[in-house]
Amino acid sequence: MQRSWIEETISKVGQEVLLFGWVKKIRDHGKITFVDLGDLSGEIQLVLSNFKGKLSPYLPLRVVGVVHQRPEKLINPKLPTGKIEVEVKEIEVLNDTLPLPFPLNDKGYQLNEVLRLKYRYLDLRRHRLLENLKKRSQLVEGMRRFLFKHRFLEIETPLLTKSTPEGARDFLVPSRLQPGKFYALPQSPQQYKQLLMVAGVERYFQIARCLRDEDPRADRGFEFTQLDLEMSFVTQEEIMNLIESMIIFLSKELGFKVYQQPFPRITYQEAMRKYGADKFDLRKKKEKGVLAFAWVTHFPFFEKDEDGKWTFTHNPFSKPLDEYEDDLLKGKNIGQIIATQYDLVCNGYEVGGGSLRAHKPELLAAVFRILGYSPKEIETKFGHMIKALSYGAPPHGGIALGIDRLTAIIQGESSIKEVIAFPMSASGTTSVMDAPAEVTKDQLKELGLKLLPKKDD
Ligand code: ASP
């Protein structure tokens, strides 16, 4: 007999079915025991007569039984399977379980984070979290479907790579074969996606993992996922319009509402004046499932850091608006240069950002000059990009959308950890596996590394 999903039993009244799943609830009435069985598709009531074995929540079961209509007064209108039940003929408990460390039939917000993450594989059994993972998967599937329809290619880029500046610290990976040298994990696929444009790919996307060594906060880990895309021969307008139509498409597929359409556009200067920030919430009242998107444009390209040196505000690979190109090339009026940057905000969060890129080598070199790199540093750090752009690079631009944040907003979750399968704790420890961890002396030796004594040793 083939396995039936619980959801399918609705159309199988009178038939014998084979089900797999977990015990969700048990109601023992002596001669008759009712068990709620749950699988990925839903829940159903099992009816067992004269059952002598022992059942407890979250034992995995194999069940053979006959689907029956429930007596009228036992119908549960709240469940899709509420009009039926399964009369059990065979039941097999597939494994034992230890008592659960916490209950799973509530939302779980009140629990201690360390405990939740230590037992994340149990925490995820919670209905709320499984629904979050399902929605995230649907979101990514919808993005893929939309982008494939628009000729995009999905392409993976390396994880072991060279530093690419996005304004954070790099995670470094020591090389065993070239001791003393290090790879950097990507803060974003920025440089590779631009190289793909030089290669003639024209439309690239990737569900990309980005790693940034920033001080962890309650709601920020070291890694996150973004929909990363890049297009050739396009204007800023065309990229923004494509993203808008993708979001409208996703809203229909996933059932969320878009507050205002077309998305309002506001300059950075206006946003600062009106909201005192470059991210804001347009909604008059907060309603779950309503997403208020807006574009913010006209960001300054550069700003001064604490040491009074020029730094980029968003992305050093951007190009300025045409009218500022001359100033950029000459390194003049630096504070006034406006970038082609566009940020997408939603319900008070920044959910994406992108720009047109400096596709001419002299523009990119000018940016790095302003950032204070010497000609030699430009050559060693970014020579490969400047060279690649010198081979007829097409005009291009792109964007990245944060998948964690977008899913959290759609699901009405305030923390992105609720939509990440295995997030980190606030102190930067991984779920379940407790990394970072110490390594053996031999491993260090192989890498040509020696640890300094800890400060308090
Ligand atoms: N590289 C940028 C980021 O990761 C996005 C982009 O400009 O495409 O934020």
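Everything here concerns the structure above.
Here the residue index of a chain counts from 1 through its sequence in written order. Note on the predicted model: pLDDT of at least 70 is required for a residue's local features to be given, and 80 or more for side-chain atom pairs to be given and counted; whole-chain, interface and lining totals, by contrast, use all residues. The basis for the side-chain values is all heavy atoms of the structure; hydrogens and waters are excluded.

Undergrad: Please explain the sheet that holds strand β2 (residues 32-39) as it appears in this structure.
TA: Strand-to-strand pairing in sheets goes through backbone hydrogen bonds, with the strands running parallel or antiparallel. Criterion used throughout: strands pair if DSSP finds at least two bridges between them. Where helices and strands are cited, they refer to DSSP runs of H or I of at least four residues and of E of at least two residues respectively, numbered from the N terminus. The mixed closed barrel is built from five strands, whose spatial order is β1-β2-β3-β5-β4. Geometrically, the sheet is characterised by an average inter-axis angle of 55° between neighbouring strands, direction not taken into account. Pairing analysis gives nine bridges linking strand β4 (residues 60-69) to strand β5 (residues 84-93), with the strands arranged antiparallel. Pairing of Val-67 across the sheet is with Val-86, part of β5. Lines fitted to C-alpha atoms define the axes here, with helix axes fitted over just the stretch in contact, and angles between the N-to-C directions of these axes take values from 0 to 180 degrees.

Undergrad: Looking at this structure, I do not really get the packing of aromatic side chains. What am I missing?
TA: By convention here, two paired aromatic rings are described through the distance between centres and the angle between planes. We call Phe, Tyr and Trp rings a pair once their centres come within 6.5 Å, taking the six-membered ring for Trp, and we label the pair stacked below 30 degrees between planes, edge-to-face above 60, and tilted otherwise. For the structure shown, the criterion picks out 15 aromatic pairs. Between Tyr-275 and Phe-280 the ring centres are 4.2 Å apart and the planes differ by 15°, which places this aromatic pair in the stacked class. Counting every residue linked through ring pairs, the aromatic cluster contains Phe-317, Phe-368, Tyr-373 and Phe-382. The ring centre of Tyr-109 lies 3.8 Å from the NZ or CZ of Arg-128, which sits over that ring. If you follow Arg-405 out to its NZ or CZ, it ends over the ring of Tyr-349, 3.9 Å from the centre. Criterion for a charge above a ring: Arg CZ or Lys NZ at most 6 Å from the ring centre, at most 35 degrees from the ring normal.

Undergrad: So what exactly am I meant to see when it comes to the pairing of β5 here?
TA: In the case of a regular strand, side chains alternate between the two sheet surfaces. Pairing geometry for strand β3 (residues 42-49) and β5, over two bridges, is parallel. Residue pairing in the sheet places Val-47 in a bridge with Glu-87 of β5.

Undergrad: For this particular structure, what's the right way to read unusual backbone geometry?
TA: Excluding glycine, residues mostly carry a negative phi; peptide bonds, for their part, are mostly trans. Residue Pro-262 follows Gln-261 across a cis peptide bond; omega there is -10°. Along the chain, the position of Pro-262 falls in the loop between β11 (257-258) and β12 (265-267). Here the amide bond leading from Ala-435 into Pro-436 is cis, since omega sits at 0°, within 30 degrees of zero. Tracing the backbone through its elements, the reader meets Pro-436 in the loop between α10 (403-410) and α11 (441-446). For Asn-50, which is not a glycine, the phi torsion comes out positive at approximately 50°. Tracing the backbone through its elements, the reader meets Asn-50 in the loop between β3 and β4. For the exposure calls, accessible area comes from a 1.4 Å probe over protein chains only, and a residue counts as buried if that area is under 20% of its type's maximum, exposed if over 50%, partly exposed in between. Assessed through its relative accessible area of 47%, Asn-50 is described here as partly exposed.

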